[in-house]
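Structure assessment
Below are the chains, spelled out letter by letter.
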Amino acid sequence: MRKPDGKIVLLGDMNVGKTSLLQRYMERRFPDTVSTVGGAFYLKQWRSFNISIWDTAGREQFHGLGSMYCRGAAAVILTYDVNHAQSLLELEDRFLGLTDTASADCLFAVVGNKVDLIEEAPGEGGQGGGHDPGQAGGGGGGSPAPRPSRQVQLEDAVAFYKKILKYKMLDEKDVPAAEQMCFETSAKTGKNVDLLFETVFDMVVPVILRQRAQALPQTVDIASTPPPAQTRSGCCS
Ligand SMILES: Nc1nc2c(ncn2[C@@H]2O[C@H](COP(=O)(O)OP(=O)(O)OP(=O)(O)O)[C@@H](O)[C@H]2O)c(=O)[nH]1
Ligand SMILES: [Mg+2]
């Protein structure tokens, strides 16, 4: 297997839909998922580049692995659930620090998933197929299943993106605009899922090329390197 040219990592709290987003994009389906243990990756061929996309576990017990997965990442997709405000706060409190090991010019995307739950017609009153155990919040326990109410606005994600730039000491002029890098998606319906991944792939290509250029001087081509000059004293005197 060819070594991947670049790495993209999905981070975020458990249950926000990281695995589902990846499966929707890579396998074009929305299967039942189990909470991720450790991490797993997919390989995606994008133009002439081989990109690995890492799905990480949001569960607290695997938190220590996060910075390892982020090492050298060309892009990080920070994912939250639009119906669960705490999941956005967790990105700032728990996950942003994990990206310290990412590439210096790592790109960041902020993704609010499960928009289908707030987009259903009020008359439908459903929970989106029962795929969202326990997390949606937003309502007392009447007899009809309560529809979750949106807890995070797109502007909140934009504000978080600006906090990322501050944390990374990046100038807004030098990075993609917040409006370009904040997405609202549904792994269930597929809404904006292709847009998310393909925008990130396109933007990651120049990062990969820069990473490659920086790596070059460290590569020694033994065949073209002249042998060291012979010294009379040798190495041990
Ligand atoms: N309605 C709805 N449910 C979703 C969506 N995405 C994921 N889910 C459901 O949310 C639950 C958690 O999804 P996962 O993809 O396993 O979440 P995760 O972020 O990978 O969780 P961890 O692996 O524990 O970190 C599952 O029951 C999914 O079916 C979505 O866009 N809409
Ligand atoms: Mg998962």
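Residues numbered from 1 in each chain as written. Chains lettered and ligands numbered in written order. Predicted model: local features only at pLDDT ≥ 70, side-chain atom pairs only at ≥ 80, totals over all residues. Heavy atoms only, no water.

As recorded by an unreviewed UniProt entry, the chain carries the name Ras-related protein Rab-20 and is attributed to Ovis ammon polii. Here is the UniProt Catalytic activity (unreviewed entry) comment for the chain, exactly as written: "GTP + H2O = GDP + phosphate + H(+)". Quoted verbatim from the Cofactor (unreviewed entry) field of UniProt, the annotation for the chain is "Mg(2+)". (UniProt positions renumbered as here; feature names shortened; annotations may be inferred.)

Bringing the coordination of the magnesium ion (ligand 2) into the picture now. Coordination of the magnesium ion (ligand 2) by the protein involves T19 (OG1) and T36 (OG1), with metal-donor separations of 2.0 Å. Linking T19 in helix α1 (residues 18–27) with T36 in the loop between α1 and β2 (39–46), this pair joins segments that are 17 residues apart in sequence. Both residues of the pair, T19 and T36, count as buried. (Donors = N, O, S within 2.8 Å, 3.2 Å for Na, K, Ca; no water. Helix = DSSP H or I, 4+ residues; strand = E, 2+ residues; numbered from the N terminus. Buried < 20%, exposed > 50% of the residue type's maximum accessible area, 1.4 Å probe, protein only.)

Another aspect to go through is the layout of surface pockets. Space inside the second largest pocket adds up to approximately 340 Å³. For the lining of the second largest pocket, the secondary-structure elements that each account for two or more residues are β1 (6–12), β3 (49–56) and α7 (193–215). Ranked by residues supplied to the lining of the second largest pocket, first place goes to α7 with four residues. Classifying every residue of the lining of the second largest pocket by side-chain character gives five nonpolar, four polar and four charged. (1 Å grid on protein atoms, 1.4 Å probe; cavity = no way out; pocket = protein on both sides within 12 Å on 5 of 7 lines; lining within 4 Å. Points joined across faces, edges and corners; volume = space filled by probe spheres on them. Nonpolar A, V, L, I, M, F, W, Y, C, P; charged D, E, K, R; others polar.)

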